[in-house]
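Structural overview for review
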Amino acid sequence: MKNIAAQTARWLLQINAIQLNPQNPFTWASGIQSPIYCDNRVTLSYPNVREGIADGFVKLTQTFDNIEAIAGVATAGIPHGMLLAHKLGLPFSYVRSKAKAHGKQNQIEGRIEKGQRILMVEDLISTGGSSLKAVDAMREAGAEVIGVLAIFTYSFDAAQQAFDEAGCTLRTLSNYEALLPEALAQHYISDMDLKHLQAWRKDPKGWKAA
């Protein structure tokens, strides 16, 4: 899986889905100052990358038994989940962050069955909160969620802890640890940038002040 992680990191850097800028950090919605910004929606505009991600997800599914359906986490997990479901010939559904305020007021779109073994697809894992809310919604609807796949994770300890506490397996194509050496090797960052990026990973909330 190391080759998949490195290749995925290269793709994300090449198409600017991931941008690294320790000198002028980005501000997340949470207020955290971050030297990295990841927008995996960009991958959909590059057929080769899009196909490569789908093939990578197919390989990750081999670590799970008896997958009966795929579900995407709205909104960014929907297209990648749909591509995976198509490749596997499996049913597909998706989960909203909350139920619609009109119509049938659905939170889950598509048809799922009680006890159905569902593998969920997300694009990015930061804290894991939105993904696990979708997992909870699926479980409340009677599905058996066997895991979550994602393209990339910032590898925060809190995220892994949250998935462990929820009893949900997380598998990602790439991660922060795989990204940094690729970024350095491809000259996206300098040695000094690398030190700043490593420091942010250890303490994202206190990094800017330090």
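Here, every reference points to the structure presented above.
Before going into details, it helps to say that this report is about the structure given with it. (Residues numbered from 1 in each chain as written. Predicted model: local features only at pLDDT ≥ 70, side-chain atom pairs only at ≥ 80, totals over all residues. Heavy atoms only, no water.)

Here we come to the sheet that holds strand β8 (residues 117-125). Paired through their backbone hydrogen bonds, the strands of a sheet run either parallel or antiparallel. Ordered by their spatial adjacency, six strands build an open sheet running β7-β6-β5-β8-β9-β10, and the pairing between neighbours is mixed. One side of each edge strand has no neighbouring strand; the edge strands of this open sheet are β7 (108-109) and β10 (170-175). Contacts between helix α6 (residues 176-185) and the sheet are confined to β9 (144-153) and β10, with β10 contributing the most and set at about 10° to the helix. (Pairing = 2+ DSSP bridges. Helix = DSSP H or I, 4+ residues; strand = E, 2+ residues; numbered from the N terminus. Contact = heavy atoms within 4.5 Å. Axes fitted to C-alpha atoms, helices over the stretch in contact; angles between N-to-C directions.)

By size, the foremost hydrophobic cluster in this structure holds 62 residues, and its most contacted members are M120, M138, F152 and Y154. Considering every element that reaches this core, the biggest residue donor is β9, with seven residues. (Core = buried A, V, L, I, M, F, W, Y, C linked by side-chain atoms within 4.5 Å. Buried < 20%, exposed > 50% of the residue type's maximum accessible area, 1.4 Å probe, protein only.)

If you trace the backbone, R201 turns up in helix α7 (residues 191-202). In contact with R201, other than residues within four places in its own chain, are Y154, S155, F156, D157, Y176 and E177.

Counted under the stated rule, the structure contains seven salt bridges. Residue D55 pairs with K87 through a salt bridge whose shortest N-O separation is 3.0 Å. One end of the pair, D55, is in helix α2 (residues 47-61); the other, K87, is in helix α3 (residues 77-88), with 32 residues separating them in the sequence. Classification of D55 by relative accessible area gives partly exposed; the value is 34%. A salt bridge links E109 to R96, with the shortest nitrogen-to-oxygen separation between them at 2.9 Å. Taken together, the positions of E109 in strand β7 and R96 in the loop between β6 (92-95) and β7 put the pair 13 residues apart, joining distant regions of the chain. In this structure E109 comes out as buried when scored by relative accessible area, which is 16%. The class for R96 is partly exposed, based on a relative accessible area of 24%. Several salt bridges converge on common partners, so that one network encompasses E51, D55 and K87. (Salt bridge = Lys/Arg side-chain N within 4 Å of Asp/Glu carboxyl O.)

The subject of this paragraph is α6. Taken together, the buried positions of α6 are occupied by Y176, A178, L179, L180, E182 and A183. As for α6, its buried residues are in contact with α1 (2-14), β1 (18-20), β4 (36-38), β9, β10 and α7. Two to three positions downstream of the cap, the backbone nitrogen of E177 sits 3.1 Å from a side-chain oxygen, assigning the N-cap of α6 to N175. Positive phi shows up at H187, right after α6, with a value of about 65°. (Polar contact = N/O pair within 3.5 Å; in protein donor to acceptor, adjacent residues only side chain to side chain.)

The calculated volume of the largest pocket comes to roughly 750 Å³. In terms of lining residues, the largest pocket is bounded by 31 residues, among which W28, L124, S126, T127 and Y154 are the most central. Taken together, the elements giving at least two residues each to the lining of the largest pocket come down to β4, β8, α4 (129-140), α5 (157-165) and α7. Among the elements that take part in the lining of the largest pocket, β8 stands out by supplying four residues, more than any other. Residue classes in the lining of the largest pocket are distributed as 14 nonpolar, nine polar and eight charged. Looking at the second largest pocket, its volume works out to about 300 Å³. If you go around the second largest pocket, you meet 18 residues; those closest to its centre are T153, L170, T172, S174 and N175. At six residues, the largest contribution of residues to the lining of the second largest pocket is made by β10. (1 Å grid on protein atoms, 1.4 Å probe; cavity = no way out; pocket = protein on both sides within 12 Å on 5 of 7 lines; lining within 4 Å. Points joined across faces, edges and corners; volume = space filled by probe spheres on them. Nonpolar A, V, L, I, M, F, W, Y, C, P; charged D, E, K, R; others polar.)

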